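Chain and residue survey
These are the residues of each chain, in order.
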Amino acid sequence: MANQAYLSIWLKDFPEDLMLENFGKFLATVPYSAKRPGFTYLEIRALEPSESPVLEQDLRAMPLDAASIVELSKDYSNSDSRYTVRANWDLWVFEGDPAKWQEVPQPIELACNGELYNEGIWKEDGHFEVNFGFEHFFTGHGGLLGIRQIARAAPQQPEEVQFLESMSKPANLQMYQEKTRENIKSLFGWVRKIEDALPVAKLRLWSEGEENFEARLEEILAAR
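A brief report on the enclosed structure follows. (Residues numbered from 1 in each chain as written. Predicted model: local features only at pLDDT ≥ 70, side-chain atom pairs only at ≥ 80, totals over all residues. Heavy atoms only, no water.)

**What to know about the pattern of salt bridges**
A full pass over the atoms with the stated rule returns 9 salt bridges. In this structure, the salt-bridge partner of Glu-71 is Lys-74, at a minimum N-O distance of 3.3 Å. We classify Glu-71 as exposed; its relative accessible area is 51%. Assessed through its relative accessible area of 48%, Lys-74 is described here as partly exposed. With its nearest N and O atoms 3.7 Å apart, the salt bridge here joins Arg-216 to Glu-210. (Salt bridge = Lys/Arg side-chain N within 4 Å of Asp/Glu carboxyl O. Buried < 20%, exposed > 50% of the residue type's maximum accessible area, 1.4 Å probe, protein only.)

**Some points on unusual backbone geometry**
When glycine is set aside, most residues are seen to have a negative phi, and most peptide bonds are trans. Even without glycine at this site, Leu-47 takes up a positive phi of about 75°. By secondary structure assignment, the location of Leu-47 is in the loop between β2 (41-46) and β3 (55-58). Here the phi dihedral of Asn-118 falls at roughly 50°; this positive angle occurs in a residue that is not glycine. If you trace the backbone, Asn-118 turns up in the loop between β5 (99-113) and α3 (122-125). Judged by relative accessible area, Asn-118 falls into the partly exposed class, the value being 25%. (Helix = DSSP H or I, 4+ residues; strand = E, 2+ residues; numbered from the N terminus.)

**What about the packing of helix α1 (residues 19-27) against helix α2 (residues 66-73)?**
One way to put it is that α1 packs onto α2 with a least axis distance of 8 Å and a crossing angle of 155°. As judged from the angle between their axes, α1 and α2 are roughly antiparallel. The element α1 and its partner α2 pack so that their crossing is right-handed. The residues of α2 that touch α1, namely those facing Leu-20, Phe-23, Gly-24 and Leu-27, are Ala-66, Ile-69, Val-70 and Ser-73. Of the residues in the contact of α1 with α2, the class split is 6 nonpolar, 2 polar and no charged. (Axes fitted to C-alpha atoms, helices over the stretch in contact; angles between N-to-C directions. Parallel < 35°, antiparallel > 145°, perpendicular 65-115°, else oblique. Left-handed = near helix turned anticlockwise from the far one by under 90°. Contact = heavy atoms within 4.5 Å. Nonpolar A, V, L, I, M, F, W, Y, C, P; charged D, E, K, R; others polar.)

**As for α1**
With respect to burial, α1 is a largely interior element, 7 of its 9 residues being buried. Within α1 the residues assigned to the buried category are Met-19, Leu-20, Asn-22, Phe-23, Gly-24, Phe-26 and Leu-27.

**What about α2?**
Among all positions in α2, only Ala-66, Ile-69, Val-70 and Ser-73 are buried. The buried residues of α2 all sit within an arc of 100° when viewed along its axis, so they share a single face. Structural note: α2 exposes Ala-67 and Glu-71 on the side pointing more than 90 degrees away from its buried face. In the core, the buried residues of α2 are packed alongside α1, β2 and β4 (81-96). (Arc of directions from axis to C-beta.)

**Section: the sheet that holds β4**
Reading across from one edge, β3-β2-β4-β5-β6-β1-β7 is the order of the 7 strands in this open sheet, with antiparallel pairing throughout. The two strands at the open ends of the sheet, each matched to only one other strand, are β3 and β7 (200-207). Geometrically, the sheet is characterised by an average inter-axis angle of 20° between neighbouring strands, direction not taken into account. Running at roughly 35° to β2, α2 makes contact with β2, β3 and β4 of the sheet. (Pairing = 2+ DSSP bridges.)

**A short note on the packing of aromatic side chains**
Scanning all chains against the criterion turns up 16 aromatic pairs. Here the aromatic rings of Phe-23 and Tyr-83 are separated by 6.1 Å at their centres, their planes lie at 45°, and the arrangement is tilted. With Phe-23 in helix α1 and Tyr-83 in strand β4, the pair connects residues that are 60 residues apart, well separated along the chain. Considered together, Phe-23 and Tyr-83 belong to a single accessibility category, that of buried residues. Between the aromatic rings of Trp-89 and Phe-132, the centroid separation amounts to 5.8 Å while the plane-to-plane angle is 35°, which identifies the pairing as tilted. Taken together, the residues Trp-89 in strand β4 and Phe-132 in strand β6 (residues 128-134) connect sequence positions 43 residues apart. On the basis of relative accessible area, Trp-89 is assigned to the buried category, the value being 1%. Look at Phe-132 and you get buried, because its relative accessible area is 1%. Aromatic ring contacts, followed pair by pair, group Phe-14, Phe-23, Phe-26, Tyr-83 and Phe-128 into a single cluster. One residue, Lys-179, lies across the ring of Trp-92, its end atom 3.6 Å from the ring centre. Stacked on the ring of Trp-10, the Lys or Arg Lys-202 has its end atom at 4.3 Å from the ring centre. (Phe/Tyr/Trp six-rings, centres within 6.5 Å; stacked < 30°, edge-to-face > 60°. Lys NZ or Arg CZ within 6 Å of the ring centre and 35° of its normal.)

Okay, structure coming up:
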């Protein structure tokens, strides 16, 4: 499974009576995909992950906005609960046959952790969480991007070999850098919107494959 990228957010104060209001403000920052706007899934789970959801809604047929998600959740407002939604946002992706750069919808998942949910997991994971999707949308493949060269394992698959051969051409690598930077700018722009919308105490950008994900993104933006 490809590595994922995440954001954890802690607020200065998170009273239960304002939990869903703040969740709505958080959801209102989402930069929806132009082709697939709105939230397509809602799950509310109480106590801990092993419990069955108290509410689960597939909203793909009629996606909802942030205010509607909050309204749907009101009867289940409790600090022992976790609220999870899914949506799509647009990122630059190199795909197709033949492969080409396209700005296409990519899935994202957002969650709100009540402070009594799962023995206070918010302390480690944040009051709010974002799963941005695949890490390589922002860091690239093969350690090719950025100022420093990163040692990676030799390619094992034919498509990996083909990709690296393609990136050996300066024009292709330049385009790869530019499109990846666009994705990073979209991510950072969204984080700034969250900081403007909420009383944020702390943010942590992290990923499954990078020791310091945020620093890696800054490095790729700085490289020329």
